[in-house]
Amino acid sequence: LTLTRPEAYHYLNQSGCTELDGISDASQYETVKTALEVFGFDDKERTLLMTVVSAVLHLGNISFETIAGTTDGCRVVEAFVPGVADGTFTPLELAAELLGVDPDVLTRGLTSRVVTAVNDKPTWPLNPTQAPNARHAHA
């Protein structure tokens, strides 16, 4: 699932508190796994659920920047997150792999919006302020 310490993930590190005294993440994870078993989740379903959670964490690490020379539109910043996947994959690549989608398709979904009207599907670029909202919606 290519996960590392909670501090490496935007969706987990915003409060500045990623550890609590007396709380074991490993123990809590085992409790969640047991609860999923009790609710009838088999191994495949539990793995799929954790894969989606991992993908959401990687989606949260995707950042955006303005395309030079434009007032609208942005692109995904191809930055590596220290400590995640040995720094060999970007958050976009990791999320796309975990979700089983093409990275280019995911990029388009995060950086543009499509409005369907009768027989038309115009696409508008999102700016770096709007794109994180699209990222949150996808997550």
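Treat the numbers as computed from the prediction; the structure is a model and nothing was measured. (Residues numbered from 1 in each chain as written. Predicted model: local features only at pLDDT ≥ 70, side-chain atom pairs only at ≥ 80, totals over all residues. Heavy atoms only, no water.)

S.K.: Account for the environment of F80, naming residues and giving values.
M.R.: Looking at where F80 falls in the secondary structure, it is placed in the loop between β2 (74–76) and α4 (91–99). Judged by its relative accessible area of 46%, F80 is partly exposed. Sequence-wise, F80 and I62 are 18 residues apart; in three dimensions their C-alpha atoms are separated by 9.5 Å. (Helix = DSSP H or I, 4+ residues; strand = E, 2+ residues; numbered from the N terminus. Buried < 20%, exposed > 50% of the residue type's maximum accessible area, 1.4 Å probe, protein only.)

S.K.: Let's hear about the environment of I67: which residues, and what values?
M.R.: Turning to its location among the elements, I67 is positioned in the loop between β1 (64–66) and β2. Judged by its relative accessible area of 34%, I67 falls in the partly exposed class. For the pair I67 and N127, spaced 60 residues apart in sequence, the C-alpha to C-alpha distance is 8.7 Å. Excluding residues that lie within four positions of it along the chain, I67 makes contacts with G73, C74 and R75. (Contact = heavy atoms within 4.5 Å.)

All quantities given are derived from atomic positions and should not be read as evidence of function.
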